[in-house]
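Coordinates in review
Now for the letters of each chain:
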Amino acid sequence: MKFPKDINWHTPSLKYKGNLLRPLIVALVMLLFLSLIMVMGIMDLVRMDKTLVKFMESRGLDIITTVENVAQENLAYLYQTLKEEKDKESRNTFVPLRNKDFSPQEALVKDLVDLARYVDVQWKAQNLKEEDLIALADIENLWLIAVLDKSGKVVFKSRKFITEILPEAKNGNSKEKGMTIDLFDRFGKLNEIGYMAVRRKDGSGTILMALDSKGLRFWSTKVVIRKAIDDVGLGQGLTYLIVVNEQGKVLGEAGTLREGIEKIDAVAHDVLESKLKKASRKVMSRGVEILEITVPVTIDNRVEGFARIGLNREGSDEILLESRNRMIISMIFIMAIGVLSMFAIYVNQKKYSLRMEEMGKRLQQAEKLSALGQLAAGVAHEIRNPLNAISMASQRIRREYVPDGEDREKGFYHITGIIRDEIKRLNRIVEEFVIFSRSRRLELSNYSITDLLERMASLIREEASLKGITVKTVWGDDPLIIPMDVDKLTQALYNLLKNAMEAISGLGTIVISATLNGRGVVTIRVSDTGCGLTKEEIDHIFDPEYTTKEKGLGLGLALAHEIVRGHGGEIKVESVVGVGTTFDVMLPVEGLERVAE
């Protein structure tokens, strides 16, 4: 029998091709999200670093402002003292110094005395030359350095001067180690030049130092800045502080300077020329990262030089490190969530794909069954009536037209027997088609599944025993009532039992069981010890056109599957080649609403 060509019996199953599509999209989204978090984290770190740098710059400016204010105050007191000294009526009259005034003046005098002591030591060691005094005067911003013997004659001098200054003894003397300081017109005027003389205690000579206005400004600024730095001191992360004037001469410093520090560089030039209000940079000092700030130093409304401040970045780096660690931990946490999400989506998508594939198979089978049902109706209509006519004609021929002769009669009955058997076979085929076409029209009623199985077991037990097959039944005493079409479900179970008997060659066992699980589903299990099925056979066992038998159309299991599906149930198959096969028919106990179609 040939089926119509317009029926597609081999529609490919619907397989979902996007198993990795959603996880891949999630991975890309997570990658973009992580990139965004990383960029935002880096921007936050940069912004925080800038904020900390600004905070440290503000601290540095506060330190320099304090130094400037203290230096300005000391310089004002020092100039006031010098003015009072200038206005004394008599050179021999000593004006007492106030406590605040005395400190910067004393520091200035001490610095000049230390310089005089150095010159004296070189003179005593006979290492002093006139060119040495010239260089020293230039370095120390002195208008004049001169060495006089005990008679007041100039021995060495840094420059020529018009008036020979002969020191005269005074009553008010300050004694240092081996030296006597004579202040002749203390910072008074001699041709607009102030001077100070330091005489040896034994009277063997005098060191004379003269300062012009530029030198006085340099020494006064140096003294007040150094004192201001001492007053401010180190602390609050301050590593070092150095103040340098435009000529590169150090006006004051504190702390341990970093290695390779330059007194004047391009940054310092820009600061001194007011191109930059301040400049900062990160540098390493003895294995510690510090922030070095360069700012101008202004005293008495005049830029006296620039200051370099080294601030320890340890606290700031700890804050940045903590923020960076938080960002990394957040990224790891988000990445872990993303990986888990992708894994969950992949697993869910895998299940979804399997369900889609199963639904595709069911759709394919439904299409086949639908086409086969339409075909069955046509077969029943077109073949059944001619088949009945042929059957009746063959019976009449067999009764009324028997030929004479034993041999002819024997051949006649053989031929008519074949015709009769083939007509019966065709009738069975047509009957299978008719039953299959009506498998979806169910008439449901509540009935005991155990009673139905008991009747089915009794029906096949005699036939099975003749083949050497033992039929066993396993269920409880309580009836399991489910909504069913008794005739249709009987046909489905009979097909399963018949398939189990045909799978056993020789001795074997068929076990029929019924159980009720907690989900409101009755499971009917039919197990046999037959030849078993391969995986490929299991995949196609419910296809209408598929069969492993030499005879028949293979509609038995397809019909059973269609009937069970019509009851809202499903059939599962487990099989091992050479061991046996198990069919599980799962039917709902209640909740099925189906009207007769």
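Structural notes, computed from the coordinates. Note that the structure is predicted; figures quoted are calculated from it, not measured.

This part is about helix 4 (residues 213–232). Under the 1.5 Å per step criterion, the end-to-end length of helix 4 is 28 Å for 20 residues, consistent within 8% with the ideal 28 Å. Regarding helix 4, the residues found buried are Gly215, Arg217, Phe218, Trp219, Ser220, Thr221, Lys222, Val223, Val224, Ile225, Ala228 and Ile229. Following helix 4 by one or two positions, glycine 233 has its phi on the positive side, about 70 degrees.

Among the 11 residues of strand 11 (residues 302–312), 8 are classified as buried, and the element is accordingly described as predominantly covered. Summarising the sheet, strand 7 (residues 238–244) and strand 11 pair through 6 bridges and their orientation is antiparallel. Opposite isoleucine 242, over in strand 11, you have arginine 308 as the bridge partner. Examined bridge by bridge, strand 10 (residues 288–299) and strand 11 share 10 bridges and lie antiparallel to one another. Following the sheet pairing, threonine 298 is matched in strand 11 by valine 303.

This structure, assessed with the given rule, holds 17 salt bridges. Note that aspartate 231 and lysine 227 form a salt bridge whose closest N and O atoms lie 3.1 Å from each other. With aspartate 231 and lysine 227 both in helix 4 and 4 residues apart, this pair spans about one turn of that helix. Assessed through its relative accessible area of 45%, aspartate 231 is described here as partly exposed. For the salt bridge of aspartate 265 with arginine 281, the shortest nitrogen-to-oxygen distance reads 3.3 Å.

Where two aromatic rings form a pair, the distance of their centres and the angle of their planes describe that pair. What the rule picks out here adds up to 2 aromatic pairs. Ring centres 6.2 Å apart and planes at 90 degrees place the aromatic pair phenylalanine 218 and tryptophan 219 in the edge-to-face group. Neither residue differs from the other here; phenylalanine 218 and tryptophan 219 are each classed as buried. Their ring planes at 65 degrees and their centres at 5.8 Å tell us that phenylalanine 412 and tyrosine 413 sit as a pair that is edge-to-face. Since its relative accessible area comes to 14%, phenylalanine 412 is described here as buried.

What follows covers the nonpolar core. Leu142, Met209 and Ile225 are the most contacted members of the largest nonpolar core, which totals 50 residues. The biggest single contributor to this core is helix 2 (residues 99–124), with 9 residues. Beyond its immediate stretch of four places on either side in the chain, leucine 142 contacts Leu112, Leu115, Ala137, Met209, Ala210, Leu211 and Trp219. Core analysis: the second largest hydrophobic core is formed by 40 residues, Ile469, Val486, Leu496 and Ile504 among them.

Right, let's get into the environment of glutamate 304. Counting through the fold element by element, glutamate 304 comes out in strand 11. By relative accessible area, glutamate 304 is classed as buried at 9%. For glutamate 304 and valine 244, which are 60 residues apart along the polypeptide, the C-alpha to C-alpha distance reads 8.2 Å. Among residues more than four places away in sequence, those in contact with glutamate 304 are Arg217, Thr221, Val244, Asn245, Glu246, Leu251, Val297 and Ile299.

A few words on the sheet that holds strand 15 (residues 508–516). Pairing within the open sheet is mixed, and its 5 strands lie in the order 13-15-16-18-17. The outermost strands of the open sheet, each flanked by one partner alone, are strand 13 (469–474) and strand 17 (570–576). Taking each pair of neighbouring strands and ignoring which way they run, the sheet shows an average axis angle of 15 degrees. Two elements, strand 16 (residues 521–528) and strand 18 (residues 580–588), share 8 bridges in a ladder whose sense is antiparallel. Within strand 18, the residue paired with threonine 523 across the bridge is methionine 586. Each of strand 13, strand 15, strand 16 and strand 18 is contacted by helix 9 (residues 486–503), which is oriented at about 25 degrees to strand 16, the strand it contacts most.

Read from one edge to the other, the open sheet built from 5 strands follows the order 8-7-11-10-9, with strand pairing classed as antiparallel. In the strand order of this sheet, the two ends are held by strand 8 (250–255) and strand 9 (279–285), each with one partner. Adjacent strand axes in the sheet meet at a mean angle of 20 degrees, parallel and antiparallel pairs treated alike. Of the strands in this sheet, strand 7, strand 8, strand 10 and strand 11 touch helix 4, which is tilted by about 15 degrees from strand 8.

What follows deals with a negative patch on the surface. Side chains of Asp404, Glu406, Asp407 and Glu409 sit close together on the surface and give a patch of like negative charge. Note on placement: aspartate 407 falls in helix 7 (residues 406–437).

Along the polypeptide, glycine 237 turns up in the loop between helix 4 and strand 7. Along the sequence, glycine 237 and leucine 311 sit 74 residues apart, while their C-alpha atoms lie 5.4 Å from each other. When sequence neighbours within four positions are dropped, the list of residues in contact with glycine 237 reads Arg59, Gly310, Leu311 and Asn312.

The rules behind each value
Residues numbered from 1 in each chain as written. Predicted model: local features only at pLDDT ≥ 70, side-chain atom pairs only at ≥ 80, totals over all residues. Heavy atoms only, no water. Helix = DSSP H or I, 4+ residues; strand = E, 2+ residues; numbered from the N terminus. Expected span 1.5 Å × (residues − 1). Buried < 20%, exposed > 50% of the residue type's maximum accessible area, 1.4 Å probe, protein only. Pairing = 2+ DSSP bridges. Salt bridge = Lys/Arg side-chain N within 4 Å of Asp/Glu carboxyl O. Phe/Tyr/Trp six-rings, centres within 6.5 Å; stacked < 30°, edge-to-face > 60°. Core = buried A, V, L, I, M, F, W, Y, C linked by side-chain atoms within 4.5 Å. Contact = heavy atoms within 4.5 Å. Axes fitted to C-alpha atoms, helices over the stretch in contact; angles between N-to-C directions. Patch = residues over 30% accessible without salt bridge, like charges linked within 9 Å, V, L, I, M, F, W, Y side chains within 5 Å. Areas by Shrake-Rupley, 256 points an atom, 1.4 Å probe, with all protein chains shown as cover. Lys, Arg positive; Asp, Glu negative; His and termini not counted. Charge placed at Lys NZ, Arg CZ, Asp CG, Glu CD.

Bear in mind that shape data such as this cannot, by itself, settle questions of function.
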